[in-house]
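Chain by chain, the residues:
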Amino acid sequence: MNASKLVFSDDGDNFRIISVDNQQDVLVVYVQSTTQSAVCPNCCITSKRIHSYYTRKITDLPVFGKTSRIILRSRKFYCHQDECPFKIFTERFESHFRPYKRRTERLESKIRQLGLLAGGRPAQRICTILSIPTSDTTILRLIEKCDFSPAKGVTAIGVDDWAYKKRKSYGSILVNLHTGKVIDLLPDREQETLRKWLQERPEIEVMSRDRYSNYRKAITLGAPQSIQVTDRWHLLKNLSEAVQKVLIRHYSKATALLANKQLRVDDQQIAENQSTLSENRSSPDSAHGGIRLKRFEQLKELQKKGYSIRAMARHLCMHRQTVKNYLDMETLPRKSQCKINPLEKFFTHIKKRMEEEPSILITTLWQELRTQGYKGAYSTFSEGLKFYGIRVGKKAGFTKELPNHGAATFKTSSAAIWFLSDQQNLWDDQRNIIRELCKSSKELNKTFILVQSFRKIMAEKSGDTKLREWIEKSSTSGLKEIASFAKGLLADCPAVENALTLPWSNGPVEGNVNRLKMIKRQMYGRAGFDLLRKRVVYAPS
Ligand SMILES: [Zn+2]
């Protein structure tokens, strides 16, 4: 086999390897062109008259674990055309060694791919491991130089927003729904930007989006030929938020009822795994009125005095929406991430035992609770008693009020999700809570029936025939939260109908937003838009 074919593959006949120098870390290959003539790059006339020789040093992909370097003996030729301003020119090797380049094309392409995949500095470290000499700035420069041209001819596209900085500035991401690959990023989420982008692509047939109004308008104007589909996940999320609001209105009555029936979701295990007493103590949301509860009580007092929402918000430094939410509540629901201390489950027993036997020892009490299923260690238990102000022994008594059990039977956010779920997939105690809630109030029962029929429409993909009927029923149901959700659907009805009928989903877009976030954070927030865009769109996957 011709050795030059090994180095230059199909182009092997045009080069001759003069010698190979096997050094410590570098393999140096001396190369010369075999062609007799060269073409002037200006006038394109062939010349055979050599002016002089010079050498070029070019780095190539590493071989046998060593950096490889090509020393090219290159020639300069005379150009004989009188009218050509180039009197002397150098021979060109476009496919391997571009003019002025110190790296072969194939090496640059690999470095660029590594850069797109890992970012400047990590790619530089990988290159060092692979014996490719380069720097992080070189890698970034190579990425910067490559042209960006988003794919055309895609017929189904999903769009969503992503945050440069949450609540401050946003961009948009466009994903091919057939392949799940990102097509392009837009620097903002303005209507105008997306509209222009869409107008250049008349081939689009399906656009999947969330319910953000800028996107809706942009698609209506920029791609009027396309079918719009909203995102099912956001529909469910909005509906569950509406259900949660209904639940919050009924919260205090419902929890009292459930507490009487001793219904409770057993999250003792979760609580033991995730929260320790010391965390609970510092938590502002602990059962003994943290800052949150205090503010809630202040708010209720201001409400009695007849303050306006705006005035209350200003006075307590809260957001107006939070004030509005709190006004609807009679008691403050447990915050969703706040777990129930496993000890709380045993308060009734502790109280009973202390009344029966006032001088009971902590050890005895602990051993008894262990047999009843308490899993904490002795030290955890005694610390827990101290935390709740329960004193055992000679000075036995309760120095603090015990937390209200009624307030801890369920979280409104979880219950809202149970309302929306297929009841067969729930645990028994979750299903029981839903059943009791529905029994306890006509409104909750009505909510449950409506929500379940919405879920059924979604599961059966029968939006085209049944959605309008559902909206009609919800609007006249007398449930203001559900009616307002239905009103929102009406404003965007064709797209919602499509979402509940067609198989398109915004899932691939959400997945790519996650990937984008990962890339963004890898670059520690230093990424400019152009670099981020190229990395998200072009990184090999
Ligand atoms: Zn010429």
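Treat the numbers as computed from the prediction; the structure is a model and nothing was measured. (Residues numbered from 1 in each chain as written. Predicted model: local features only at pLDDT ≥ 70, side-chain atom pairs only at ≥ 80, totals over all residues. Heavy atoms only, no water.)

(A) Structural context of the coordination of the zinc ion. With distances of 2.3 to 2.4 Å, the protein atoms coordinating the zinc ion are Cys40 (SG), Cys43 (SG), Cys79 (SG) and Cys84 (SG). Metal-centred angles of 99 to 117° between the four donor atoms at the zinc ion mark the site as tetrahedral. Sequence positions of the residues that donate to the zinc ion give the spacing C-x2-C-x35-C-x4-C. In this pair, Cys43 is assigned in the loop between strand 3 (38-39) and strand 4 (46-47) and Cys84 in the loop between strand 6 (66-78) and strand 7 (88-90), connecting sequence segments 41 residues apart. (Donors = N, O, S within 2.8 Å, 3.2 Å for Na, K, Ca; no water. Tetrahedral: all angles 85-135°; square planar, octahedral: opposite > 155°, others 65-115°. Helix = DSSP H or I, 4+ residues; strand = E, 2+ residues; numbered from the N terminus.)

(B) Region of interest: helix 13 (residues 320-327). Considered for burial, the residues of helix 13 that qualify are Val323, Tyr326 and Leu327. In an axial view of helix 13, the angular spread of the buried residues amounts to 100°, which keeps them on one side of the axis. (Buried < 20%, exposed > 50% of the residue type's maximum accessible area, 1.4 Å probe, protein only. Arc of directions from axis to C-beta.)

(C) Here's a closer look at the sheet that holds strand 12 (residues 227-230). Sheet architecture is open: five strands sit in the order 10-9-8-11-12, paired in mixed fashion. At either end of the open sheet lies a strand with only one pairing partner, and these are strand 10 (182-186) and strand 12. For this sheet the average axis-to-axis angle between neighbouring strands, irrespective of direction, equals 25°. Summarising the sheet, strand 8 (residues 156-165) and strand 11 (residues 206-209) pair through three bridges and their orientation is parallel. Its bridge partner being in strand 11, Ile157 is matched across the sheet by Met207. Here helix 24 (residues 529-538) sits on the sheet and contacts strand 8 and strand 10; the angle it forms with strand 10, its principal contact strand, is near 165°. (Pairing = 2+ DSSP bridges. Axes fitted to C-alpha atoms, helices over the stretch in contact; angles between N-to-C directions. Contact = heavy atoms within 4.5 Å.)

(D) Inspection of the nonpolar core at higher detail. Ile173, Leu185, Leu437, Phe454, Trp470, Ile482 and Leu489 are the most contacted members of the largest nonpolar core, which totals 58 residues. Among the elements that line this core, the one with the most residues is helix 19 (residues 442-460), at seven residues. In terms of domain composition, this core takes at least three residues from each of domain 3 (157-231 + 505-538) and domain 4 (233-243 + 410-499). When near neighbours in sequence (up to four residues on either side) are disregarded, Leu489 contacts Arg211, Leu235, Phe454, Leu467, Trp470, Ile471 and Val496. Judged by nonpolar contacts, the second largest core, of 16 residues, contains Ile350, Leu369, Phe381 and Val392. (Core = buried A, V, L, I, M, F, W, Y, C linked by side-chain atoms within 4.5 Å. Domains from an automatic or database assignment.)

(E) Highlighting the confidence of the model for the chain. Confidence along the chain averages 83 in pLDDT terms, with 89% of residues attaining 70 or more. Across residues 264-288, where pLDDT falls below 50, the model places 58 contacts with residues more than four positions away in sequence or in other chains. (pLDDT = per-residue confidence, 0-100.)

(F) Summary view of the packing of helix 12 (residues 309-316) against helix 13. At a minimum axis distance of 9 Å, the contact between helix 12 and helix 13 shows a crossing angle of 110°. Compared by their axis directions, helix 12 and helix 13 come out roughly perpendicular. Here helix 12 and helix 13 pass one another in a crossing that is right-handed. Here Ile309, Arg310, Met312 and Ala313 of helix 12 lie close against helix 13, whose contacting residues are Arg320, Val323, Lys324 and Leu327. (Parallel < 35°, antiparallel > 145°, perpendicular 65-115°, else oblique. Left-handed = near helix turned anticlockwise from the far one by under 90°.)

(G) View of the packing of aromatic side chains. Scanning the model with the defined rule gives 17 aromatic pairs in all. When the ring centre of Tyr54 is taken as reference, the NZ or CZ atom of Lys76 above it lies at 5.5 Å. Between Arg201 and the ring centre of Trp197, over which it is positioned, the NZ or CZ distance is 3.7 Å. (Phe/Tyr/Trp six-rings, centres within 6.5 Å; stacked < 30°, edge-to-face > 60°. Lys NZ or Arg CZ within 6 Å of the ring centre and 35° of its normal.)

(H) The environment of Glu200, seen in detail. Among the secondary structure elements, Glu200 is positioned in the loop between helix 5 (191-199) and strand 11. Residue Glu200 is classed as partly exposed on the basis of its relative accessible area, which comes to 48%. Measuring from C-alpha to C-alpha, the distance between Glu200 and Ala223 comes to 9.2 Å, with 23 residues separating the pair along the chain.

(I) Local environment of the pattern of salt bridges. For the structure on display, the rule yields 21 salt bridges. Arg209 is the salt-bridge partner of Asp492, the closest N and O atoms lying 2.9 Å from each other. Residue Asp492 is located in the loop between helix 21 (480-491) and helix 22 (493-499), and its partner Arg209 is located in strand 11; the two are separated by 283 residues in the primary sequence. Looking at Asp492, the relative accessible area reads 4%, which means it is buried. Residue Arg209 is classed as buried on the basis of its relative accessible area, which comes to 0%. Here Lys466 and Glu460 are joined by a salt bridge, their closest N and O atoms 3.6 Å apart. Owing to a relative accessible area of 37%, Lys466 belongs among the partly exposed residues under this scheme. Among the ionic contacts, a cluster of salt bridges with common partners joins Arg353, Glu356, Glu357 and Glu368. (Salt bridge = Lys/Arg side-chain N within 4 Å of Asp/Glu carboxyl O.)

(J) Quick peek at helix 15 (residues 362-371). Of all the positions in helix 15, only Leu365, Trp366 and Leu369 are classed as buried. Viewed along the axis of helix 15, the buried residues span an arc of 100°, placing them on a single side of the element. Residues of helix 15 that are buried sit in contact with helix 14 (347-356) and helix 16 (378-387). Just downstream of helix 15, Gly373 is the residue with a positive phi angle, here 110°.

(K) Geometry of the pairing of strand 11. The two faces of strand 11 match: Val206 and Ser208 on one face and Met207 and Arg209 on the other face are all buried. For strand 11 and strand 12, the ladder comprises four bridges, and the chain directions are parallel. Within strand 12, the position partnered with Met207 by the bridge is Gln228.

(L) Broad picture of a nonpolar patch on the surface. Taken together, the side chains of Ile126, Ile129 and Leu130 define a hydrophobic patch exposed on the protein surface, amounting to about 280 Å² of accessible area. Here Ile129 lies in helix 3 (residues 120-129). By relative accessible area, Ile129 is classed as exposed at 70%. (Patch = residues over 30% accessible without salt bridge, like charges linked within 9 Å, V, L, I, M, F, W, Y side chains within 5 Å. Areas by Shrake-Rupley, 256 points an atom, 1.4 Å probe, with all protein chains shown as cover.)

(M) Just the environment of Leu500, in detail. Of note, Leu500 is situated in the loop between helix 22 and helix 23 (507-522). In sequence terms Leu500 and Phe454 are 46 residues apart; their C-alpha atoms lie 9.5 Å from each other. For Leu500, the residues in contact, after removing those within four places along its chain, are Leu235, Phe454, Ile457, Met458, Lys461, Ser462, Gly463 and Leu467.

(N) Local environment of the environment of Asp60. With respect to the element layout, Asp60 can be found in strand 5 (residues 50-63). The class of Asp60 is buried, set by a relative accessible area of 6%. Not counting chain neighbours up to four residues away, the residues in contact with Asp60 comprise Ser68, Ile70, Thr104, Arg106 and Leu107. Within the structure, the side chain of Asp60 is placed 2.8 Å from the side chain of Thr104, a separation counted as a polar contact. (Polar contact = N/O pair within 3.5 Å; in protein donor to acceptor, adjacent residues only side chain to side chain.)

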